[in-house]
Amino acid sequence: MPVSVFELFSIGVGPSSSHTVGPMRAAADFAARTADRPVDTIRVDLYGSLASTGHGHGTLGAVAVGLMGHRPEDVDPDVMTAALDALESTGRLTLTGGTVVPFRLADVVLHPLTMLPRHPNAMRLRTFDATGTETAVETYYSIGGGFIARDGDEEPGEDVAGTAIPVEDTVPHPFSSGAELLSACATTGLPVSGVALANETATRTEDEVRAGLLRIHAVMEECVDRSVRRSGTLPGGLAVRRRAADWHEQLTRDDPDHDPLFAMEWVNLTAMAVNEENASGGRVVTAPTNGAAGIIPAVLAYALTYVGPIAHGSPTEREDAVVRFLLTAGAIGSIYKERASISGAEVGCQGEVGSAASMAAAGLAEVLGGTPEQVENAAEIAMEHNLGLTCDPIGGLVQIPCIERNAIAANKAVNAARMALRGDGVHHVSLDQVVETMRQTGADMSTKYKETAMGGLAVNVPLC
C-alpha cells in the first residue's frame, strides 16, 4: 500500500525525524490519551538508539515538549526553546490536560544497551497517582521519518501518526514495489507522478494536493533562506562552524548568473544549508527524514535552476515541475518505507541518505522527461551507490558526517538521473532488488553502526 507523499514529506523541527519528531509525536499522543486520568508523576524511559544518541538528537527535550501538547508540525522552534528553558528553571511540566507534574530532563531514564524487540528506537511512558499506583503505560517506537507505532496497535506496524491513504482499496493504483509501480504506469499510460497523483486524489482534491506540495516546497526554500543568513557555530559542543552563509556570499559574488559550471557548488550549498538549519533545531521538511532533509531540496533547486524548460518556464510551469518532482520522489520513498526502512537506527544511513538520494534522482529524472523505466533506473542507481552507508554521528549529533553527506548524496542523485536518461530504462539491477539488498545489508550491519554513536567516526574522532 503506498504511503502518502504528505507523510514522507512532513513539516517538523530538527535535528532528527526519528529522534526528535517521532518522540515528540509519541509524547503528545500519550498526553492526549491520558489527559483524563489521575497523574501525580510521570516517568519516561528511552531504549536503544533513542537512549544512546538522545542527548545529541534533542530527544529528551522533544519528549518534554510533546507532553506539553506541542506537535512537530506546528511548534515554533523559539517557543520550544522557551518552554524547555522554563521547564529547567521550575522543574514543573504542564501536561496536555492541564495537570502540573514535577519533571526535569535529567529525570528521563536511559537504556542505551537495551533493545526492545520491535524496533531499536523505543520509548515507554508511564503515569502514577499520588499513591504511586501506575495509572497509564504506553510503549512507542519511532520507526523513521517521524513515523511512530505503538504497542497495542490494531495492526502490527500501523502508524499512530496515520497515513493519508489508510486502506489499500481506497486508491486506484495500489503498489508496494517498483515492479508494481511500473505495471501501473504501463496499464494507465501515466508517468510515475501521474500514478502517485491519482492515488493522492483518492483522499484529497487535486487542488489540495497541489497546494500542499507547493507549501512543502515553500518551507524547503524558507529553510535555505534562513540558513544562509545565519553564521556562528552549531549547538551541541562540537563547535562545528556554519558554512552556508559564507558559501552563499562567495557563490553569489562568483556566479551571479548561475553558470552550469557552478551547478555542483550550488547543490552542495543548498543541501548543507538545510542540514545546518536542521542541526540547530530549526524548521525543516522531513524528506524522508531530517538527517537526509537537504538532498531533495538541493536536487529540486537544481532542476528549477538548470533544467532549461523549467528554469525559463512560466510560474505555473515551474510549479507543475515542483509537484511532479515531489510526487515522483514520494512514490519511490513509499517503496522504501513499505519494503525496507528509512530509519538509520534500523538499517544505517543507507536508509536515510540512500533513500533520499534515490527519491531525488527519480524526481529529477521525471522532470527531465524520463520514461517510467528511466525514473525507476535513476532511483536504483542512486541507492546502489549508497549501499552499506553507516550511521555513526560524532557525539550523537546530526552534524558530522551528516551535513556534508547530504551534499555528496545530492550530487550523486543528479548524476544518477542523468546516467539513467542516457539509457533506455533497461538495466541489470532492478529497484526492487536494490531495495531488498539495502534491507538485508541493514539487517546484517553491526548495531554499533546504526545511529548509536558507538562506532565509526563517533569513536575515532575526539569530541574536543
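Note that the coordinates shown come from a computational prediction; the quantities given were computed from them, not determined experimentally. (Residues numbered from 1 in each chain as written. Predicted model: local features only at pLDDT ≥ 70, side-chain atom pairs only at ≥ 80, totals over all residues. Heavy atoms only, no water.)

Trainee: Quick one: what's the story with the overall build of the protein, residue by residue and with numbers?
Mentor: Scanning the protein from terminus to terminus reveals 20 helices and nine strands. The C-alpha atoms of the protein give a radius of gyration of 21 Å, which matches the 23 Å a tight globule of 464 residues would have. The burial tally for the protein puts 58% of its 464 residues in the buried class. The contacts of the protein with a sequence gap of at least 6 include a subset with a gap of at least 24, amounting to 76%. When the accessible surface of the protein is split by element, carbon and sulfur atoms take 51% of a total near 17900 Å². Across the protein, 33 positive and 58 negative side-chain charges occur, with their mean positions spaced 5 Å apart. (Helix = DSSP H or I, 4+ residues; strand = E, 2+ residues; numbered from the N terminus. Rg over C-alpha atoms; globule rule 2.2 N^0.38 Å. Buried < 20%, exposed > 50% of the residue type's maximum accessible area, 1.4 Å probe, protein only. Contact = heavy atoms within 4.5 Å. Areas by Shrake-Rupley, 256 points an atom, 1.4 Å probe, with all protein chains shown as cover. Lys, Arg positive; Asp, Glu negative; His and termini not counted. Charge placed at Lys NZ, Arg CZ, Asp CG, Glu CD.)

Trainee: An account of the sheet that holds strand β8 (residues 147–150) is requested, with residue identities and associated values reported.
Mentor: If you trace the five strands from one edge of the open sheet to the other, you get β5-β2-β6-β7-β8, paired in mixed fashion. Looking at the sheet topology across the chains shown, the edges are occupied by β5 (109–111) and β8. Averaged over all neighbouring strand pairs, the angle between strand axes comes to 25°, with direction disregarded. Across seven bridges, strand β6 (residues 121–128) lies against strand β7 (residues 134–144) in antiparallel orientation. When the sheet's bridge partners are listed, Phe128 is paired in β7 with Glu134. Across the sheet, helix α2 (residues 17–33) is in contact with β2 (41–48), β6, β7 and β8; its angle to β7 comes to roughly 150°. Helix α5 (residues 59–67) contacts β2, β5 and β6 of the sheet and is inclined by roughly 140° relative to β2. (Pairing = 2+ DSSP bridges. Axes fitted to C-alpha atoms, helices over the stretch in contact; angles between N-to-C directions.)

Trainee: So what's going on with helix α11 (residues 263–279)? Residues and values would help.
Mentor: With 17 residues, α11 should reach 24 Å at 1.5 Å per residue; the first-to-last C-alpha distance of 24 Å fits that figure. Within α11, 15 of the 17 residues are buried, which leaves it mostly tucked inside the rest of the structure. (Expected span 1.5 Å × (residues − 1).)

Trainee: I'd like a description of unusual backbone geometry, backed by residues and values.
Mentor: The peptide bond linking Gly14 to Pro15 adopts the cis configuration, its omega dihedral lying at 10°. By the element assignment, Pro15 lies in the loop between β1 (10–13) and α2. At the junction of Ile400 and Pro401, the peptide bond is cis and its omega measures out at 10° in the coordinates. Mapped onto the secondary structure, Pro401 falls in the loop between α17 (372–384) and α18 (402–422). Despite not being glycine, His258 has its phi angle at roughly 55°, a positive value. Note on placement: His258 falls in the loop between α10 (244–254) and α11. Taking relative accessible area as the criterion, His258 reaches 30% and is therefore assigned partly exposed.

Trainee: Requested: an account of the layout of surface pockets, with residues and values cited.
Mentor: In this structure, the largest pocket encloses a volume near 630 Å³. In terms of lining residues, the largest pocket is bounded by 30 residues, among which Pro15, Met80, Thr81, Ser280 and Gly281 are the most central. Elements supplying a minimum of two residues to the lining of the largest pocket: α4 (54–57), α5, α6 (77–90) and α11. In terms of residues, the lining of the largest pocket owes the most to one element, α6, which gives five residues. Across the lining of the largest pocket, the residue classes tally to nine nonpolar, 15 polar and six charged. (1 Å grid on protein atoms, 1.4 Å probe; cavity = no way out; pocket = protein on both sides within 12 Å on 5 of 7 lines; lining within 4 Å. Points joined across faces, edges and corners; volume = space filled by probe spheres on them. Nonpolar A, V, L, I, M, F, W, Y, C, P; charged D, E, K, R; others polar.)

Trainee: Please set out the nonpolar core residue by residue, giving values where relevant.
Mentor: With 105 residues, the main nonpolar core has Phe9, Ile296, Leu326 and Leu364 as its most contacted residues. The element that contributes the greatest number of residues to this core is helix α14 (residues 315–339), accounting for eleven residues. Once residues lying within four places of it in the same chain are set aside, the contact partners of Phe9 are Ile216, Val285, Thr286, Ala287, Ile296, Leu326, Ala329, Gly330 and Met359. (Core = buried A, V, L, I, M, F, W, Y, C linked by side-chain atoms within 4.5 Å.)

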